[in-house]
Protein chains: 2
Amino acid sequence: MEDIIKDIKDDLKDLETSIQKLVTTKVGFIKDIVNYIIRSGGKRIRPLLVILCAKLCGYNNNRHISYAATIEFIHTATLLHDDVVDNAKMRRGASSVNVLWGNEPSVLVGDFLYSKSFELMAEDGHHEIIKTISKATTALSEGEILELLQTSDIDTTEEQYFDIVKNKTATLFSAACEVGGMLGNISEEERLALRNFGYKLGMAFQLVDDILDYTSYDNVLGKQVGTDLKEGKVTLPLIHAIASAKPRERLTIKKILNKTNTTPGDFERVRKLIVKYQGIEYTSRIAREYIDDAKQALTIFPFSPFTDALMKLANYIVRREL
Amino acid sequence: MEDIIKDIKDDLKDLETSIQKLVTTKVGFIKDIVNYIIRSGGKRIRPLLVILCAKLCGYNNNRHISYAATIEFIHTATLLHDDVVDNAKMRRGASSVNVLWGNEPSVLVGDFLYSKSFELMAEDGHHEIIKTISKATTALSEGEILELLQTSDIDTTEEQYFDIVKNKTATLFSAACEVGGMLGNISEEERLALRNFGYKLGMAFQLVDDILDYTSYDNVLGKQVGTDLKEGKVTLPLIHAIASAKPRERLTIKKILNKTNTTPGDFERVRKLIVKYQGIEYTSRIAREYIDDAKQALTIFPFSPFTDALMKLANYIVRREL
């Protein structure tokens, strides 16, 4: 990571300052919650993309910082709402906001962050950027709803899975890259390339996240391992296993998906079936393909410290799984 | 009401068509929920304000319809989230979405409607309007949070109450009027007048709503009477009663506000104290003052069928309580 951010250290410092400064509200309680969730970390990958893509396209002023912060706000709003929807207990290695303050503030502070994001964008007034981001947030909510509809559905297809991932994750990655580029000088072809880069990167990111939920340890992920299974989320490693599973194994998975309380034993049984049918390898291979495609999309830009950093970021994303 | 809408019947028909048409999504489930809540009625007061104010300012094209629909979408999104926050059972005379489909879709479809609203505005691209509406939605979420923080607090002051009402209700009314006007030809003075008109109208609207929660019948309000007390909302009729209540009465109110399950007997006890200390009359008088101020703000416009309709709408809002 150090290697990726070496040329934008000042920008990242400005980002943290802006994140604090831009959440203006007279309601102290909102500040407390926003500070809690935003300061508790997170990888800042989406703002990083905005900043790197802006620099890549020769942007030399400071508006990219507030757009980077805005995209992190939107992402944070979705986390707050997700944790309510999923009844999650942990987030970024600490108790989630819904656990500490309840569902009501999580919903309302999420709404505040959404609105604040649009207010910030409206104040800056870059019409094309507002369009791009609002389309992305609409897709995001559609993705979340599609995912909700597939909960515990053993018949979830790969196609349905990829559609969910595209909407709930890849579109905002894509928008982050495009927005950065739009601040600088960008041709239609370059804009398309950045959009494509972000999209492929986002797909890979989610696939790796879904792998880690079966292979990682709690302290690496910052949330509990096995969460997807517990929440009835049918992700690619599992879809792949289900496709090859024997009828008896399929029945076991089905029962576990429909349980309201999965036990560590349930998780272990499902994990073993995923290992048996190579669900991790399969998902990992597709993630790597997405990363290769993402890097390929960047080759229309001449080599620079920023293409280099974006390539390294792509490698970092897929290497998280190791 | 018939008298108010007589000159904009075609616009209102277009509004209903637009409300259906603008919710474009490939996710059928979203359409089902949006249709359920939007078709189940509602008074359409906010879109009515957009339309009437646009006409008042000489606007003669059709963009006002999609802004009117957009503001109704934003309002609907807040209803969906409110009902989750308040754990409400009824809305617009029917079961609420959270009761029929659960909290998760209520949160996510609310998010979808918010995003869609900004997407629609971004497509139209009226910079000042996007600014006005995004500021209003930020205030709205702040108002909801302020209200949440005052839950069951017997020491809630009038000042705190008015601040909540301003943010959660009046600001969107105000924005609706301003947005309508901005579509037409409007001077800075007129814009201020419409903003002020909407603000005062919105204050009165909420005050009357808070009265009706103690005086109406379930079938008039479309939601359950006594809901505010049940949810621990300390509204003006109650604040006024608390100010005059004897220590023993105050203790009774305090106990009831802190109960998780209020009984019809509890409601009756509180209602009687409000009657005893004239909390309804007091709130009603202030609502009427707001309406008078609202109408006064309109007098800078020459008389027209549209000033007439807006005046009548103002009268209608305060007369709902009878």
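Scroll up a little and you will see the structure.
Here we summarise the structure given alongside this text. (Residues numbered from 1 in each chain as written. Chains lettered and ligands numbered in written order. Predicted model: local features only at pLDDT ≥ 70, side-chain atom pairs only at ≥ 80, totals over all residues. Heavy atoms only, no water.)

## Description of the overall build of chain A
- The helix and strand inventory of chain A stands at 17 helices and two strands.
- In terms of overall size, chain A behaves like a compact globule, its C-alpha atoms giving a radius of gyration of 20 Å where 322 residues would be expected to give roughly 20 Å.
- Seen through its principal axes, chain A has C-alpha atoms that stretch 60 × 45 × 30 Å.
- Buried positions account for 61% of the 322 residues belonging to chain A.
- A sequence separation of at least 24 residues applies to 77% of the contacts in chain A between residues at least 6 apart.
- When the accessible area of chain A is evaluated, it comes to approximately 12800 Å², of which 50% is carbon and sulfur surface.
- Averaging the coordinates of the 42 positive side-chain charges in chain A and doing the same for the 45 negative ones gives two points 4 Å apart. (Helix = DSSP H or I, 4+ residues; strand = E, 2+ residues; numbered from the N terminus. Rg over C-alpha atoms; globule rule 2.2 N^0.38 Å. Buried < 20%, exposed > 50% of the residue type's maximum accessible area, 1.4 Å probe, protein only. Contact = heavy atoms within 4.5 Å. Areas by Shrake-Rupley, 256 points an atom, 1.4 Å probe, with all protein chains shown as cover. Lys, Arg positive; Asp, Glu negative; His and termini not counted. Charge placed at Lys NZ, Arg CZ, Asp CG, Glu CD.)

## A short note on the pattern of salt bridges
Residue and element names in this part refer to chain A.
- Inspection of every chain in the model, using the stated rule, returns 52 salt bridges over all chains.
- Of the charged contacts in the structure, one is a salt bridge between Lys6 and Asp3, with a shortest N-O distance of 4.0 Å.
- The exposure class of Lys6 is partly exposed, given its relative accessible area of 44%.
- Members of the salt-bridge network, linked through shared partners, are Glu128, Lys131, Glu178, Arg191 and Arg195. (Salt bridge = Lys/Arg side-chain N within 4 Å of Asp/Glu carboxyl O.)

## With respect to the interface of chain A and chain B
- Opposite the 39 residues of chain A that make contact, chain B presents 39 residues.
- Summing both sides of the interface, chain A and chain B together bury roughly 3600 Å²; the carbon and sulfur share of this comes to 71%.
- Viewed at the interface, chain B and chain A are joined by six salt bridges.
- Between Glu123(B) and Lys135(A) there is a salt bridge, and its shortest N-O distance comes to 3.1 Å.
- Run the count over chain A and chain B and you get 12 residue pairs in polar contact (both at pLDDT 80 or more).
- Contributions of two or more residues to the side of chain A that touches chain B are made by helix H3 (28–39), helix H5 (63–86), helix H7 (103–124), helix H8 (127–149) and helix H9 (158–183) of chain A.
- Residues belonging to the side of chain A that touches chain B are distributed by class as follows: 17 nonpolar, 11 polar and 11 charged. (Buried area = accessible area lost by both parts, 1.4 Å probe. Polar contact = N/O pair within 3.5 Å; in protein donor to acceptor, adjacent residues only side chain to side chain. Nonpolar A, V, L, I, M, F, W, Y, C, P; charged D, E, K, R; others polar.)

## A look at the packing of aromatic side chains
- On inspection of all chains with the given rule, the structure shows 11 aromatic pairs over all chains.
- When the ring of Phe118(A) is compared with that of Phe118(B), the centres are 4.0 Å apart and the planes differ by 10 degrees; the resulting orientation is stacked. With Phe118(A) in helix H7 and Phe118(B) in helix H7 (residues 103–124), the pair connects residues from two separate chains.
- Linked through ring pairs, Tyr161(A), Phe162(A) and Tyr290(A) together constitute an aromatic cluster. (Phe/Tyr/Trp six-rings, centres within 6.5 Å; stacked < 30°, edge-to-face > 60°.)

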